[in-house]
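What follows is each chain in one-letter form.
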Amino acid sequence: MKKSETQPLCGLKRSDFQTTVNGKNTDLYILKNSTGCEVAITNYGGALLAVMMPDKDGNIANVVQGYDNIKDVMRGEKPYLSTLIGRYGNRIKDGRFQLNGKCYQLATNAGQHSLHGGPEGFHAHVWDAFRMSDNTLVLNYTSPYMEEGFTGEMKTTVVYNLSDANELIIGYMATTNKKTIVNLTHHAFFSLAGVAEQTPTIDDLECEINADFYLPIDNTCIPTGEILKVEGTPFDFRKAKPIGRDIDADNEQIRNGNGYDHCFVLNKSEEGELTFAARAKDPKSGRTLEVYTTEPGLQVYSDNAEGEHKGQRGVTLPRRAAICFEAQHFPDSPNRPYFPSVVIRPGQQYKQKTIYRFGVEK
């Protein structure tokens, strides 16, 4: 192997990600592009481990929170940290939904609700990995019938591509042999300032979200069913503003989410079109992130869990050191027939594309 292959920019060691789980091998995969940037992924849960991007002075740093060994990916204190999410991203009330007149009961792992496909969802499985090129990785997983309570056997393919425009492009495809529900997403925890011992909070992060409406939630983070205007609320990001400006506002919705943990209804002219969803800028480093997606919603999570946690190389990360832009269908959609449908049938193909475009602005 070349030296550059054995010593990636992120400093991660391949041997630290190699083990066997239920007869399948885990590994570390490094994607590289012509600009010298890099993305590190493991096929356990499709977890992003590092996204190495430059700042305004050309200094490259990791801008996504991840673990530095397979043991922590599997058993770390944040099980969904920067992982693939399925079969159903976000929450389903009481872990129940009806399909063809039958009630299905899912695993409940967030109080009385189902969250992110359950404790043994897509984030907790070894995916079959195929390296297409230096900048493209394909992951495949077949979810068996009634896994975590979901009907149908579902075959899923996720493609990661690091473009020469410093875009991380994630494409999702799925098919089923029985009518079921699906809502795939990625739970990347972005820290645009760079993950380091002194990683700042996201309070100064300037954020814009292309949404005129959002979904209010109850005090268990389940949508109330309303679709409300962002105008005049802490959820108005139609013009860029610092995340910290209203994150602790005296507002019932902010209290219910302990900050931002809400789905924004993205402005679309037609269903399934690839459009601009959000933009964030770290004013100190100049790093920017733009999000484009075919999905109707964007769950924005401001890393609200109380207390500090350990990151790569033992760094201590404070509360609210990351922002998550989870492109998806709406939470609890199976129980809200007027929300965009998450039902997929045999013969249909679920498709989704989300682009995370990194840049710098001086």
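Residues numbered from 1 in each chain as written. Predicted model: local features only at pLDDT ≥ 70, side-chain atom pairs only at ≥ 80, totals over all residues. Heavy atoms only, no water.

A. Expanded view of the overall build of the chain. Within the chain, the secondary structure is distributed over 3 helices and 30 strands. Its C-alpha atoms give the chain a radius of gyration of 19 Å, near enough to 21 Å, the size a compact globule of 362 residues would have. Looking at the 362 residues of the chain, the share that counts as buried comes to 58%. Counting only contacts in the chain whose residues sit at least 6 apart along the sequence, the fraction spanning at least 24 positions is 67%. About 15,000 Å² of surface is accessible on the chain, with carbon and sulfur atoms providing 46% of the total. With 40 positive and 45 negative side-chain charges, the chain shows a separation of 4 Å between the mean positions of the two kinds. (Helix = DSSP H or I, 4+ residues; strand = E, 2+ residues; numbered from the N terminus. Rg over C-alpha atoms; globule rule 2.2 N^0.38 Å. Buried < 20%, exposed > 50% of the residue type's maximum accessible area, 1.4 Å probe, protein only. Contact = heavy atoms within 4.5 Å. Areas by Shrake-Rupley, 256 points an atom, 1.4 Å probe, with all protein chains shown as cover. Lys, Arg positive; Asp, Glu negative; His and termini not counted. Charge placed at Lys NZ, Arg CZ, Asp CG, Glu CD.)

B. A look at a nonpolar patch on the surface. Taken together, the side chains of Phe213, Ile227 and Tyr338 make up a nonpolar region of the molecular surface, amounting to roughly 280 Å² of accessible area. Tracing the sequence through the fold places Tyr338 in the loop between β28 (324-328) and β29 (343-344). (Patch = residues over 30% accessible without salt bridge, like charges linked within 9 Å, V, L, I, M, F, W, Y side chains within 5 Å. Salt bridge = Lys/Arg side-chain N within 4 Å of Asp/Glu carboxyl O.)

C. The arrangement of the confidence of the model for the chain in detail. On average, the chain scores 96 in pLDDT, and the residues at 70 or more come to 98%. Between residues 1-5, whose pLDDT stays under 50, and residues either more than four places distant or in other chains, the model counts 4 contacts. (pLDDT = per-residue confidence, 0-100.)

D. Fine view of unusual backbone geometry. The residue after Gly86, namely Arg87, is reached through a cis peptide bond having omega 0°. The topology assignment puts Arg87 in the loop between β7 (84-85) and β8 (91-92). Here the phi dihedral of Asn22 falls at roughly 50°; this positive angle occurs in a residue that is not glycine. When you line up the elements, Asn22 lands in the loop between β1 (20-21) and β2 (24-25).

E. Spotlight on the packing of aromatic side chains. Counted by the stated rule, this structure contains 16 aromatic pairs. Here the aromatic rings of Tyr214 and Phe235 are separated by 4.3 Å at their centres, their planes lie at 10°, and the arrangement is stacked. Of the two residues, Tyr214 sits in strand β19 (residues 211-215) while Phe235 sits in the loop between β20 (228-229) and β21 (241-242), which places them 21 residues apart along the sequence. Exposure remark for Tyr214: the relative accessible area of 4% places this residue in the buried category. Classification of Phe235 by relative accessible area gives buried; the value is 0%. Where Phe276 meets Tyr292, the ring centres are 5.8 Å apart and the plane angle is 65°; that geometry is what we call edge-to-face. (Phe/Tyr/Trp six-rings, centres within 6.5 Å; stacked < 30°, edge-to-face > 60°.)

F. Representation of the environment of Pro242 within the structure. Structurally, the position occupied by Pro242 is in strand β21. In this structure, the C-alpha to C-alpha distance between Pro242 and Ser163, residues 79 residues apart in sequence, is 29 Å. In contact with Pro242, not counting residues within four places along its chain, are Asp203, Leu205 and Glu206.

G. Highlighting the pattern of salt bridges. By the definition in use, this model includes 15 salt bridges. Between Lys24 and Asp128 there is a salt bridge, with its nearest N and O atoms 3.5 Å apart. Of the two residues, Lys24 is situated in strand β2 and Asp128 in strand β12 (residues 128-133); the sequence distance between them amounts to 104 residues. Note on Asp128: relative accessible area 41%, which makes it partly exposed. Residues joined by salt bridges that share partners form a network here, namely Glu167, Arg279, Lys281, Glu290, Arg357 and Glu361.

H. Summary view of the nonpolar core. Grouped together as the largest cluster of nonpolar side chains are 58 residues, with contacts concentrated most on Tyr160, Phe325 and Phe358. Ignoring sequence-local partners within four residues, the contact set of Phe325 consists of His186, Ala188, Cys207, Ala278, Ala280, Leu289, Val291, Leu298, Gln299, Val300 and Tyr356. By size, the runner-up hydrophobic cluster in this structure holds 22 residues, among which are Leu12, Leu28, Ala40 and Ala50. (Core = buried A, V, L, I, M, F, W, Y, C linked by side-chain atoms within 4.5 Å.)

I. Structural view of the pairing of β12. Bridge analysis of β12 against strand β13 (residues 136-143) gives 5 bridges, and the strand direction is antiparallel. Across the sheet, Ala129 pairs through a bridge with Leu139, a residue of β13. The loop that links β12 with its antiparallel partner β13 comprises 2 residues. (Pairing = 2+ DSSP bridges.)

J. The arrangement of the sheet that holds strand β14 (residues 154-162) in detail. Across the sheet, 9 strands lie side by side as β12-β13-β14-β15-β30-β24-β23-β18-β21; this open sheet has antiparallel pairing. Among the strands making up the open sheet, the edge pair consists of β12 and β21. Bridge count between strand β24 (residues 287-293) and strand β30 (residues 350-360): 7 bridges; the pairing is antiparallel. When the sheet's bridge partners are listed, Thr293 is paired in β30 with Thr354.

K. Main features of the sheet that holds strand β3 (residues 28-32). On the basis of which strands lie adjacent, the open sheet formed by 4 strands has the order β3-β4-β5-β6 and antiparallel pairing. Each edge of the sheet is formed by a strand with only one pairing partner; in this case those strands are β3 and β6 (60-62). Across this sheet, the average inter-strand angle for adjacent strands is 15°, counted without regard to direction. As paired elements, β3 and strand β4 (residues 38-42) share 5 bridges and run antiparallel to each other. (Axes fitted to C-alpha atoms, helices over the stretch in contact; angles between N-to-C directions.)

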